[in-house]
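Chain by chain, the residues:
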Number of protein chains: 2
Amino acid sequence: MEYEQLKLENQLCFPVYAASRLITREYQPFLDRLEITYPQYLVLMVLWETNGLTVNDIARKLLLNTNTITPLLKRMEQQALITRERSKKDERKVLVKLTSKGRDLQEQAAQIPEALEKRLLDSQLEIDDLVKLKERLNDVIEFLSK
Amino acid sequence: MEYEQLKLENQLCFPVYAASRLITREYQPFLDRLEITYPQYLVLMVLWETNGLTVNDIARKLLLNTNTITPLLKRMEQQALITRERSKKDERKVLVKLTSKGRDLQEQAAQIPEALEKRLLDSQLEIDDLVKLKERLNDVIEFLSK
DNA sequence: AAGTTTTTTATCGCAGGCGATTATTTCATT
DNA sequence: AATGAAATAATCGCCTGCGATAAAAAACTT
């Protein structure tokens, strides 16, 4: 092996990529029960915090492009989780709001983060490690999202 | 806000998910030059380390399903990066090998990890933070991939 | 006011990523 | 040898995720 730096485990990219998919997989059974996908869950979290955002607002918060968000929101509208309507003040903007169904999911979703945290603490990882991990990742995001 | 734990920044999932996409985006210009995608780059890294693996071997190393890998490998075969052939000894298995084109890309790829590391060190993050981050993520992967 | 630029959302096409299922081969058991 | 189980890869369908582009509205410039 001539190029040591090209090994999977010696790069940051692969651990982040793999961990992301594994963590999402852990969410699956919980999200299945709510009949939503992981990105839909992210959209709901954003709207639970602030109901009534534009497509751009949501995209910015999730660091996604609007061409990912738009079809996602359309599917969520079809499932009656949200409504989409053009702003009267600025016809370019589309306002996204929770329906009562979307709002009501928050209560059931509230247990998910705790369940996941509990699950991760079954490893040798301490709560402190997880907090630091989160902080470092947020540093990376802060830096790269400029 | 009644459910503090449902905020994006208070969960591990979102930072990992967002960081993964942002880091992949940083790879883009380098990978564009080699005319490969990020998952293709991962497959190549695995094969550069051990040429001649089965579909399953590759899937296991990348923690991906074979139904993701199979079409990916087909595209790589079309680009003449790899060859795929049924094993004579066990007709169930398909052996994946680098072509000379695929092999030759290693030299050009060797600079990518360094460039990325350099880029990340432009942030307030220290090399030590990145190493620890990687280690923690590998702990998470180790635990969740069982 | 007219023309230009910017903002905002949507459309299109393509490559993952994965759950469910299938087809084939090999292994294990009787 | 015959049968059932396990392993391996592939197929299908759906939902992201994103680059490139377009369409419409608003903001800006002259």
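From a predicted model like this one, the values you see are computed outputs, not experimental measurements. (Residues numbered from 1 in each chain as written. Chains lettered and ligands numbered in written order. Predicted model: local features only at pLDDT ≥ 70, side-chain atom pairs only at ≥ 80, totals over all residues. Heavy atoms only, no water.)

Undergrad: Tell me about the nonpolar core, and name the residues and values.
TA: Ranked by size, the top nonpolar core spans 108 residues in total, and within it Tyr-41, Ile-58 and Leu-62 of chain A together with Tyr-41, Ile-58 and Leu-62 of chain B carry the most contacts. Residue contributions to this core reach at least three from each of two domains, namely domain 1 (11-109) and domain 2 (110-146) of chain B. With residues near it in sequence (within four places) discarded, Leu-62 of chain A still touches Leu-42, Val-43, Val-46 and Ile-69 of chain A together with Leu-8, Phe-14 and Arg-21 of chain B. (Core = buried A, V, L, I, M, F, W, Y, C linked by side-chain atoms within 4.5 Å. Buried < 20%, exposed > 50% of the residue type's maximum accessible area, 1.4 Å probe, protein only. Domains from an automatic or database assignment. Contact = heavy atoms within 4.5 Å.)

Undergrad: Talk me through the UniProt feature "domain: HTH marR-type" (unreviewed entry) in chain A; I want residue IDs and the actual numbers.
TA: When the UniProt feature table is mapped onto this chain, "domain: HTH marR-type" (unreviewed entry) is found at residues 9-139 of chain A. Secondary structure across residues 9-139 of chain A divides into 67% helix and 9% strand, with the first and last C-alpha atoms of the span separated by 21 Å. (UniProt positions renumbered as here; feature names shortened; annotations may be inferred. Helix = DSSP H or I, 4+ residues; strand = E, 2+ residues; numbered from the N terminus.)

Undergrad: Account for the packing of aromatic side chains, naming residues and giving values.
TA: Overall, the coordinates contain ten aromatic pairs over all chains when judged by the stated rule. Relative to Tyr-38 of chain A, the ring of Tyr-27 of chain A lies with its centre 5.6 Å away and its plane at 65°, an arrangement referred to as edge-to-face. Taken together, the residues span a long stretch of sequence, with Tyr-27 of chain A in helix 1 (residues 13-34) and Tyr-38 of chain A in helix 2 (residues 38-49) at a distance of eleven residues. With respect to burial, Tyr-27 of chain A and Tyr-38 of chain A carry one shared label: buried. Aromatic rings pair up to connect Phe-14 and Tyr-17 of chain A together with Tyr-27, Tyr-38 and Tyr-41 of chain B into one cluster. The ring of Tyr-17 of chain A carries the charged tip of Arg-21 of chain A above its face, separated from the ring centre by 4.3 Å. (Phe/Tyr/Trp six-rings, centres within 6.5 Å; stacked < 30°, edge-to-face > 60°. Lys NZ or Arg CZ within 6 Å of the ring centre and 35° of its normal.)

Undergrad: So what about the relation of the copies chain A and chain B? Which residues, and what values?
TA: Aligned on chain B, chain A shows an RMSD of 0.0 Å; the corresponding rotation is 180° and the shift along the axis is 0.0 Å. With respect to symmetry, the two chain copies, as superposed, fit the operation of a two-fold axis. Same-surface contact between copies: 100% of interface residues of chain A are shared with the interface of chain B. (Least-squares fit on C-alpha atoms with pLDDT ≥ 70 in both.)

Undergrad: So what about the protein's contact with DNA strand C? Which residues, and what values?
TA: Within the structure, DNA strand C sits among 27 residues, and Tyr-17, Lys-74 and Arg-84 of chain A together with Asn-67 and Arg-75 of chain B are positioned closest to it. In this structure, Thr-37 of chain B approaches DNA strand C through a side-chain N or O atom, which is 2.9 Å from a phosphate oxygen. Here a sugar or linking oxygen of DNA strand C sits 3.4 Å away from a polar atom, N or O, in the side chain of Arg-92 of chain B. Mapped by element, the contributors of at least two residues to the surface near DNA strand C are helix 1, helix 3 (55-62), helix 4 (66-78) and strand 2 (82-86) of chain A together with helix 2 (38-49) and helix 4 (66-78) of chain B. Here the surface near DNA strand C is built from residues that sort into six nonpolar, ten polar and eleven charged. (Near = heavy atom within 4 Å. Polar contact = N/O pair within 3.5 Å; in protein donor to acceptor, adjacent residues only side chain to side chain. Nonpolar A, V, L, I, M, F, W, Y, C, P; charged D, E, K, R; others polar.)

Undergrad: How would you explain the protein's contact with DNA strand D if you had to name every residue and give the values?
TA: Not every one of the 27 residues close to DNA strand D is listed here, only the nearest: Asn-67 of chain A together with Tyr-17, Asn-56, Lys-74 and Arg-84 of chain B. In DNA strand D, the atoms that sit within 4 Å of the protein are 77% sugar and phosphate, with bases accounting for the remainder. Contacts to DNA strand D include Lys-74 of chain B, whose side-chain N or O atom sits 2.5 Å from a phosphate oxygen. Those elements giving two or more residues to the surface near DNA strand D turn out to be helix 2 and helix 4 of chain A together with helix 1 (13-34), helix 3 (55-62), helix 4 and strand 2 (82-86) of chain B.

Undergrad: Please give an account of helix 6 (residues 111-120) of chain B that cites residues and values.
TA: Within an α-helix, residues lying three or four positions from one another point in the same direction, as the helix has 3.6 residues per turn. Along helix 6 of chain B, the residues classified as buried are Ile-112, Pro-113, Leu-116 and Leu-120 of chain B. Take helix 6 of chain B and look down its axis: the buried residues cluster within an arc of 95°, on one side only. Elements that come into contact with the buried residues of helix 6 of chain B comprise helix 7 (127-144) of chain A together with helix 1, helix 2, helix 5 (100-109) and helix 7 (127-144) of chain B. (Arc of directions from axis to C-beta.)

Undergrad: Could you give an account of the interface of chain A and chain B, with specific residues and numbers?
TA: In this assembly, 60 residues from chain A lie in contact with 60 residues from chain B. Roughly 6,100 Å² of surface becomes buried between chain A and chain B when both sides are summed, with 72% attributable to carbon and sulfur atoms. For chain A, the biggest contributors to the area lost against chain B are Leu-6, Phe-143 and Leu-144 of chain A; these three give 11% of the whole. In this structure, the connection of chain A to chain B is made through two salt bridges. We note a salt bridge from Asp-129 of chain A to Arg-136 of chain B, for which the minimum N-O separation is 3.7 Å. Inspection of the chain A/chain B interface yields 16 residue pairs in polar contact (both at pLDDT 80 or more). (Buried area = accessible area lost by both parts, 1.4 Å probe. Salt bridge = Lys/Arg side-chain N within 4 Å of Asp/Glu carboxyl O.)

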